[in-house]
Every structure is written in C-alpha cells, then in structure tokens.
Amino acid sequence: MGPMTPDTGGDDAATVTARPITADAFAPFGELITADRTPPRTINQGLCQRFTDLARLDAGDGRIGVSLFRAQVRTLPHRLDLMERHPGGSQCFVPLDGSHVLVTVAPDIGGAPGTPRAFLAGPDQPVNIGRNVWHGVLTPIAGSGLFLVLDRLGPGRNLEEHRLRRPVLIRLPPAGSADATA
Ligand SMILES: NC(=O)N[C@@H](O)C(=O)O
Ligand code: NI
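Basis of the calculations
Residues numbered from 1 in each chain as written. Chains lettered and ligands numbered in written order. Predicted model: local features only at pLDDT ≥ 70, side-chain atom pairs only at ≥ 80, totals over all residues. Heavy atoms only, no water. Pairing = 2+ DSSP bridges. Helix = DSSP H or I, 4+ residues; strand = E, 2+ residues; numbered from the N terminus. Axes fitted to C-alpha atoms, helices over the stretch in contact; angles between N-to-C directions. Donors = N, O, S within 2.8 Å, 3.2 Å for Na, K, Ca; no water. Buried < 20%, exposed > 50% of the residue type's maximum accessible area, 1.4 Å probe, protein only.

Q: Lay out the sheet that holds strand S8 (residues 91–95) in plain terms, naming residues and giving numbers.
A: The antiparallel open sheet is built from five strands, whose spatial order is S3-S13-S8-S16-S6. For this open sheet the edge positions go to strand S3 (30–32) and strand S6 (63–70), each flanked by a neighbour on one side alone. Direction aside, neighbouring strands of the sheet carry axes that sit 15° apart on average. Looking at chain direction, S3 and strand S13 (residues 127–129) are connected through three bridges and run antiparallel. Looking across to S13, one finds that Glu31 is bridged to Asn128.

Following this line, the structure appears as structure tokens:
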C-alpha cells in the first residue's frame, strides 16, 4: 500500500506543528520508552543491560494482548478530524521495520479532546499512550508502517471516538527551525 495523497486541511483547519518527541513533553499523555531515563541492571553474565519498568501497561479488567498493525503510511501535512480513547486500557506502539510515526494526543476537556499536541517518534522510540488518553489512530509517516501493539483485550467497549468540530492540519516544523533538524 503506497502513501496516501497529502492530507490537506483546506482553509477551515487549525494548524499544529509536530515536534520531535521527548519523554518530558509526552509525560502527561503516556511514556516514551527510552533507555536514557533509568540506570540499567547488568544481566546475562554481563552481556546484557536491562532497563526495567519503562511504561505502565494497563489492561483494566482485561488482559494485555500482543498484535501487529500494518498501517498505511501517511504524508504530512496530515489532516486530523477524528480522535479516540480507550477507557479500558493503555495502548503501546513499538515500531518495526524502521517505521516513523506521528503521535497526536490531547488533554480531556469536559469529555472531549482539547488542543492536540503532535509528536514525531522515530524507529527507536516506542510510545505507550495512557489509559483513556485522547489520541489519533496509528499514523506512520515513514517506513513500512508495521508496529507491534500491546493493548487491552477483553470484554466490553474499549473505544470512544470524537469527531473534531474543526479539523486540525498537522505539519512538520518549518525548514530551518531548531526542531526541523532533530
Ligand atoms: N482500533 C485500534 O485497534 N487502533 C486504534 O486504537 C489506534 O490507536 O490505532
Ligand atoms: Ni487507539
């Protein structure tokens, strides 16, 4: 499946600039899984460093399932008109095959998404989106679009969707800006 044609928001869309993800900036929405936040423990006869407990996987009354998502690679700017959340559990996306992903999240404002935040995560940057956190669906922007996904499997509804009253156009940082090269 080739990349979709560029998403354009038309002139009715608000604009959000995607920034390279950092653990601190993403912390209100979940975890960036990275080895530089905790000291490792040396294991396996000194041949391996274990960085432990880097994300809170939450399955509520269900269980954590292991799935593969092969998502269509999008191009930027990306038009966001739908956000969702999973009241029953977290959702962790682990890039495979060198995939890059646009992660869009938002605070909850009275039961609806507030102003979205957009992050760029590279092929070595798995992210875990916290339970009941508003987010855009898996949106790869480079690579194969293949991800390992750890999320809740179990009874009952675990998906709440919200169509944005005003679509958002998510773009890369302007060329030459500090983030453009990160
Ligand atoms: N629905 C589903 O399995 N995927 C979405 O939740 C998503 O965030 O991509
Ligand atoms: Ni989701």
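Q: Residue-level account of the coordination of the nickel ion (ligand 2), with values.
A: Here the nickel ion (ligand 2) is held by the protein donor atoms Glu84 (OE), His86 (NE2), Gln91 (OE1) and His135 (NE2), which lie 2.0 to 2.1 Å from it. In primary sequence terms, the donor set of the nickel ion (ligand 2) follows E-x1-H-x4-Q-x43-H. Of this pair, Gln91 sits in strand S8 while His135 sits in strand S14 (residues 134–135), placing them 44 residues apart in sequence. For His135, a relative accessible area of 1% corresponds to the buried category.

Treat this as a map of the structure, not an account of what it does.
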